[in-house]
Amino acid sequence: MDAPYHHLDVLPRSLWLPGLVTAAGHTASRLAQLPAWRAALLRGELPDARLDFDDAPAVRAFHAAIGELGLPALCRQAPAMADQVLRTMLWHLDHLIDLQPRRSREAAIAQAVTEFRAAWSVEKGDWDEVMALLRGLGDLAQLRWDALRGKLQSREWREAQRIAEVLQRLPALTELIDRLGRREPLPVSPTPSPGGLGPQPTPLVPRVTRLMDAPSEVRGVRRSGDLSRLLASEAAQMHHPVLRRLWRARLVERQLLTLEDEAELVEWVPDPYPATRPACPTPTPQGRGPFIVCLDTSGSMRGAPEAVAKAVVLQALRTAHATQRACRLIAFGGEDEIVEHELSLTPQGLDALLTVMGQAFDGGTDLQLPLARAIEAVHEAGYTQADLLIASDGEFGVTPATLAQLDAARERFGLRVQGVLIGDRETMGLLEVCDDLHWVRDWRRYAADGRHTDGFTPVHSKSLTALYFPNALSQRAARHRPR
């Protein structure tokens, strides 16, 4: 009894009204063929040309235009895009009845197809823009095209495009983020086979030669006649009226108590028995696991450092989606200023990304709470194999209690802390917290004004703290100071 309207059951509600009221073709044929059109577009294919709604001249002209514009590729696994293509096609087909009183049907069809092409040339360009920025759509394919197109006009989106250009000049960030996490072994360079080209390196072993009485470490006391190493108690006898005779006798017999020095000369020589020594297992580096990004949004990051920090966030989103990894963003500023987002290519993840892209960096810097939240996250399911990435200029301090919690997470979970230091010199904050540092000293070249395109830095050395204040580096921080 519902025929032909029972075909609407398999169509989304957004296609019900256009499918019912379009003046081209016959209603029964149109409603019966629309599900096949939609299914073909979702597969990334052009629908069968025989699906013409019983109006072959008009529908086949639009069919050809859709193929020439490459719209099926955009509709692959993207329901919102497929529905938008069908809605606009049905609208232009319905517009034919308005054009015909002034021109022939052939001319009306030609004009409607031209308008359809013009509209989709613009929209396809916007969609290509999305693809270029995000490198994949993810669950954004479920987002309504009109909602996504509204975001393209926002200031945050334009800022994201600028950051994408900055990211193209920072390829090392992509490699750094790809190594985060401990889910699977990273690929390593193959070792050349013995039959390959070039000489094979010979394994080296240490050869230790002990040099007695050479100036070096004092190892004890021994009897000798060496006056340069005489103990003070023995030297005091030289001026005693009675013991000086005993002292001279012991000197002749080389029985004086003297310091024992021994130096060790270590030489690395070819191993004479390389095949008989057991090979030491080399740990395989792990990567491509979940990761947590702590982003410094304090006032000291405003300007060019802000662009580099936002590039870290954009690349984190791209990498997380491309490799199907979990990624959590913790943006921090002053005390109690902390915001958390799950970075993913979903409508919620896109909103979080655009929020960060449009955010103005301001306020103080407090890493205590962000580190505590990151350590809590490592205990959660899905993040136990996570690594932590901190993007900051390092202008902060961390309490010993927080460092102890971080060390406990390192010991229990194998947590690795990587740092992106955006600044001219080393800072105690990041040196104490991070296991490794990726330095971006030429951050000025990424400013929006483009004044310093040559990577100018007024600081002649990135190790100023170690150079002028060597005692300021704690034993913990000195471990990570670049040589």
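Attention here is on the structure that accompanies the text. Note that the structure is predicted; figures quoted are calculated from it, not measured.

1. What about the side chain of Arg229?
Consideration 1: Mapping Arg229 onto the fold places it in the loop between strand 2 (204-224) and helix 11 (232-235).
Consideration 2: Within the structure, the side chain of Arg229 is placed 2.6 Å from the side chain of Asp226, a separation counted as a polar contact.

2. Here's the deal with the pattern of salt bridges
It is possible for side chains of opposite charge to pair when their charged atoms get near one another.
Consideration 1: Under the defined criterion, the tally for this structure stands at 17 salt bridges.
Consideration 2: For the salt bridge of Asp55 with Arg105, the shortest nitrogen-to-oxygen distance reads 2.5 Å. Of the two residues, Asp55 sits in the loop between helix 2 (27-42) and helix 3 (56-69) while Arg105 sits in helix 7 (residues 105-134), which places them 50 residues apart along the sequence.
Consideration 3: The shortest N-O distance in the salt bridge between Asp435 and Arg410 comes to 3.0 Å. Here the residue Asp435 occupies a position in the loop between helix 17 (428-433) and strand 10 (436-440), and Arg410 occupies one in helix 16 (residues 400-413), the gap between them amounting to 25 residues.
Consideration 4: In this structure Asp435 comes out as partly exposed when scored by relative accessible area, which is 23%.
Consideration 5: One salt-bridge network, held together by shared partners, links Arg328, Glu342 and Glu380.

3. Some thoughts on the packing of aromatic side chains
Consideration 1: Across all of its chains, the model carries two aromatic pairs by this definition.
Consideration 2: A ring pair is formed by Trp37 and Phe53, whose centres lie 5.8 Å apart and whose planes are at 45°; its orientation type is tilted. With a gap of 16 residues between them, Trp37 in helix 2 and Phe53 in the loop between helix 2 and helix 3 connect regions that are remote in the sequence. This pair shows no difference in class: Trp37 is buried, exactly as Phe53 is.
Consideration 3: For Arg328, the ring lying beneath its charged end belongs to Tyr383, and the centroid distance is 4.8 Å.

Thresholds applied
- Residues numbered from 1 in each chain as written.
- Predicted model: local features only at pLDDT ≥ 70, side-chain atom pairs only at ≥ 80, totals over all residues.
- Heavy atoms only, no water.
- Helix = DSSP H or I, 4+ residues; strand = E, 2+ residues; numbered from the N terminus.
- Polar contact = N/O pair within 3.5 Å; in protein donor to acceptor, adjacent residues only side chain to side chain.
- Salt bridge = Lys/Arg side-chain N within 4 Å of Asp/Glu carboxyl O.
- Buried < 20%, exposed > 50% of the residue type's maximum accessible area, 1.4 Å probe, protein only.
- Phe/Tyr/Trp six-rings, centres within 6.5 Å; stacked < 30°, edge-to-face > 60°.
- Lys NZ or Arg CZ within 6 Å of the ring centre and 35° of its normal.

Remember that the coordinates give geometry; whether it matters functionally is a separate question.
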